[in-house]
Amino acid sequence: MNSTIAFDAGSSSSFLQDVSYFRLFLTFIAIVLVWDQVSYIQKKGSIAGPRFKIYPIIGPFLESLDPKFEEYKAKWDSGELSCVSIFHKFVVISSTRDISRKIFQATKYVKPCVVDVAVKILRPQNWVFLDGKAHTDYRKSLNGLFTRSSLAQYLPSMEDVIDKYMDKFIEYSKDKNYEPTIYFHEMREILCALSLRAFCGDYITEDQIRKVADDYYLVTAALELVNFPIIIPFTKTWYGKRTADMAMKIFENCAQQAKDHIAAGGESICVMDAWCKLMHDAKNKNDEDSRLLHREFSNKEISEAIFTMLFASQDASSSLACWLFQIVADRPDVLAKIREEQMAVRDGNPEKRVDLDMINNMTYTNMVIKETLRYRPPVLMVPYVVKQNFPVTPNYTAPKGAMLIPTLYPSLHDPEVYENPDEFIPERWVEGSKASEGKKNWLVFGCGPHVCLGQTYVMILFAALIGKFALYTDFEHTVTPLSEKIKVFATIFPKDDLLLTFKKRDPTTGEVTE
């Protein structure tokens, strides 16, 4: 009897203890949920955004796994500042030109940021994570790599790549019996090959270029806005890091070959050569810019910097290529004018190799490229992190630790600067026009201390690319209901992934052959 009573007492005590733990757990959950909502409401203040987090803690996490342009646009249209909160990230989005420019230039309050896992993939010591004077000095040491005279040295090898891929695209279409075929992946490959040849010259092999080009999309997937911040085997981030490490190892070997080439008195033909020559020449100079190059950048540092250049250019340039070929193919009048200009700048000789003077005279071709960048800007938004409370407007201060995102698209579709902004009109860029004078709206490459280093490179590369393809190929685009719809994958692409066919064209007679 006594043992039964003791057992009942013990059971009751255990039950009460379990209930207490359960209540404690529920109390903890309730506190976390309330704190999450209160924190969101306090940070949100008066700006546009959901009144409460509809999905506690996670916020619109599920929607962010499949980002849609229409949802982004609705956010921009909701107010000059709007917000969302996903897990621990409070995000403030700017949709006006002036606020976006203010953020780009507010180095006291913000610094560029990427997703948490990017530090592991790009490596913590990478120069892109530097801030303040350290970043400014490092950037100055790279400026000489992207001057027009330096870019002229890279053009011959880039034209060789263009010639190779023209033949490849024609053969690919022939193998498909000239049926409309998705060229999204081919555009990514050619742009990767062009960048790698410009950055690494002949030090990188064809097989290595193909390997990096084939696998680079794994890096893009790993650096999507929403991903796990830790690297778990066989996840997107794991495959992304493996690809990045593989590419940087290749670049390290290329860097050593470039150093040896320049030390032996060789000429610069790629970015690595130019960097090594700047370091080599700086040893005997003592001006301010040369002193930045007095120290020897290691192969590892060069490889990491080259990888960030590829990271910065690959997705954006692939986006531009897709839209440019689609837009030009859909507008025969535009294509005809490009072809006419290409023959004119070559003095009627289509065999003439492209050079910088020729590109400088491609007035209409450059207007087409610039209008494509405005009409379909590859990068929609650029994320920054707030270093200290930032009074973005007189009525709103972004809290420290928040992500602050200036948006580019609205300023590039501002009807006050660009008449009929949703129409493709290359002629709007004639010298002295409202568009050409509206420099504050031209945010395609950002502005301020972190403005894109490669903006001149982009214009030169694409003038050479579309000019050569216009002369030597007849490319046709198959329009679908999704062609003008925007797919977001780091940058933006046509939703149908670009259906093209390529045929060989005689640049003199215009005759097309199969």
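The structure presented is a predicted model; accordingly, all values stated were derived computationally and were not measured.

Scanning the protein from terminus to terminus reveals 19 helices and 13 strands. Counting only C-alpha atoms and orienting by the principal axes, one finds that the protein spans roughly 110 × 55 × 50 Å. Across the 514 residues that make up the protein, the buried fraction comes to 51%. Once local pairs closer than 6 in sequence are excluded, the contacts in the protein between residues at least 24 apart make up 71%. A total of about 24,200 Å² of accessible surface is found on the protein, and carbon and sulfur atoms cover 57% of it. Looking at charge distribution, the protein has the averaged site of its 61 positive side-chain charges lying 7 Å from that of its 66 negative ones.

The next subject is the packing of aromatic side chains. Enumeration according to the criterion identifies 28 aromatic pairs in this entry. Consider the rings of Phe 169 and Phe 469, whose centres lie 5.7 Å apart with planes at 50°: the pair is tilted. On the criterion of sequence distance, the pair formed by Phe 169 in helix α7 (residues 148-175) and Phe 469 in helix α19 (residues 455-472) is long-range, its members being 300 residues apart. Plain terms: the ring middles of Trp 238 and Tyr 239 are 4.9 Å apart, the flat faces sit at 75° to each other, and that makes the pair edge-to-face. For Tyr 239, a relative accessible area of 29% translates into the label partly exposed. A cation sits over an aromatic face here: Arg 376 above Trp 323, 5.1 Å from the ring centre. Above the plane of the ring of Tyr 375 lies Arg 376, whose end atom (NZ or CZ) is 4.3 Å from the centre.

This part is about helix α3 (residues 69-77). Of the positions making up α3, those classed as buried are Phe 69, Lys 75 and Trp 76. Burial along α3 is one-sided: seen end-on, the buried residues are contained in an arc of 120°. Against the buried residues of α3 lie β1 (81-86), β2 (89-94), α17 (409-412) and β10 (486-489).

As a further point, take the pattern of salt bridges. Overall, the coordinates contain 27 salt bridges when judged by the stated rule. With its nearest N and O atoms 2.8 Å apart, the salt bridge here joins Arg 97 to Asp 98. With a closest N to O distance of 2.9 Å, Lys 300 and Glu 304 form a salt bridge. Within this pair, Lys 300 and its partner Glu 304 are both found in helix α13 (residues 299-329), separated by four residues, close to a single helical turn. Residue Lys 300 is classed as partly exposed on the basis of its relative accessible area of 35%.

The next thing to look at is the UniProt feature "binding site: heme" (unreviewed entry) in the protein. UniProt's feature table lists "binding site: heme" (unreviewed entry) at Cys 452, given in the numbering used throughout. One can find Cys 452 in the loop between α18 (434-437) and α19. Under the relative-accessibility criterion, Cys 452 is labelled partly exposed at 31%. Excluding anything up to four places from it in sequence, Cys 452 contacts Arg 139 and Phe 445.

Further remarks concern the sheet that holds strand β5 (residues 384-386). Pairing in this open sheet of five strands is mixed, and the strands run β1-β2-β8-β5-β3 from one edge to the other. In this open sheet, the two strands that pair with only one neighbour each are β1 and β3 (110-112). On average, each strand axis in the sheet is tilted by 30° relative to the strand beside it, whichever way the strands run. For β5 and strand β8 (residues 403-406), the ladder comprises two bridges, and the chain directions are antiparallel. Note that in β8 the partner of Val 385 across the bridge is Met 403. Where helix α4 (residues 97-105) meets the sheet, it contacts β1, β2, β3, β5 and β8, and its direction lies at approximately 125° from that of β8.

Turning next to the pairing of strand β9 (residues 473-477). Counting buried residues along β9, four of its five residues qualify, which places the element largely inside the surrounding structure. Judged from the five bridges that link them, β9 and strand β12 (residues 499-505) form a sheet pairing that is antiparallel. From the neighbouring strand, Asp 474 faces β12, where its bridge partner is Lys 503.

As a further point, take helix α14 (residues 332-345). Taking 1.5 Å per residue, 14 residues should reach 20 Å; α14 reaches 20 Å between its end C-alpha atoms and fits that length. Of the positions making up α14, those classed as buried are Val 334, Leu 335, Ile 338, Arg 339, Glu 341, Gln 342, Met 343 and Val 345. In this fold, the buried residues of α14 make contact with α13, α15 (356-360), α16 (363-375), α19, β9 and β12. Among the residues trailing α14, Asp 347 stands out with phi positive, at a value near 55°.

Where strand β6 (residues 390-393) lies against strand β7 (residues 396-398), three bridges are found, and the strand directions are antiparallel. The partner of Pro 391 across the bridge, within β7, is Thr 397. Hairpin connection of β6 to β7: two residues between the antiparallel strands.

A word on a nonpolar patch on the surface. Residues Phe 22, Phe 25, Leu 26, Phe 28, Ile 29 and Leu 33 make up a contiguous nonpolar surface patch of about 570 Å² in total accessible area. Within the secondary structure layout, Phe 28 lies in helix α1 (residues 2-44).

Further remarks concern the packing of helix α9 (residues 206-222) against α13. Relative to each other, α9 and α13 sit at 85°, their axes nearing to 11 Å. In terms of orientation, α9 and α13 fall into the roughly perpendicular class. Contact residues: Val 212, Tyr 216, Val 219 and Thr 220 in α9; Phe 307, Leu 310, Phe 311, Gln 314 and Asp 315 in α13.

Moving on, we come to the environment of Lys 44. Relative to the helices and strands, Lys 44 is located in helix α1. Between the C-alpha atoms of Lys 44 and Asn 284, which are 240 residues apart in sequence, the distance is 55 Å. The contact partners of Lys 44, leaving out residues within four places of it in the chain, are Gly 49, Pro 50, Arg 51, Cys 83, Phe 90 and Tyr 396.

About the cut-offs
- Residues numbered from 1 in each chain as written.
- Predicted model: local features only at pLDDT ≥ 70, side-chain atom pairs only at ≥ 80, totals over all residues.
- Heavy atoms only, no water.
- Helix = DSSP H or I, 4+ residues; strand = E, 2+ residues; numbered from the N terminus.
- Buried < 20%, exposed > 50% of the residue type's maximum accessible area, 1.4 Å probe, protein only.
- Contact = heavy atoms within 4.5 Å.
- Areas by Shrake-Rupley, 256 points an atom, 1.4 Å probe, with all protein chains shown as cover.
- Lys, Arg positive; Asp, Glu negative; His and termini not counted.
- Charge placed at Lys NZ, Arg CZ, Asp CG, Glu CD.
- Phe/Tyr/Trp six-rings, centres within 6.5 Å; stacked < 30°, edge-to-face > 60°.
- Lys NZ or Arg CZ within 6 Å of the ring centre and 35° of its normal.
- Arc of directions from axis to C-beta.
- Salt bridge = Lys/Arg side-chain N within 4 Å of Asp/Glu carboxyl O.
- UniProt positions renumbered as here; feature names shortened; annotations may be inferred.
- Pairing = 2+ DSSP bridges.
- Axes fitted to C-alpha atoms, helices over the stretch in contact; angles between N-to-C directions.
- Expected span 1.5 Å × (residues − 1).
- Patch = residues over 30% accessible without salt bridge, like charges linked within 9 Å, V, L, I, M, F, W, Y side chains within 5 Å.
- Parallel < 35°, antiparallel > 145°, perpendicular 65-115°, else oblique.

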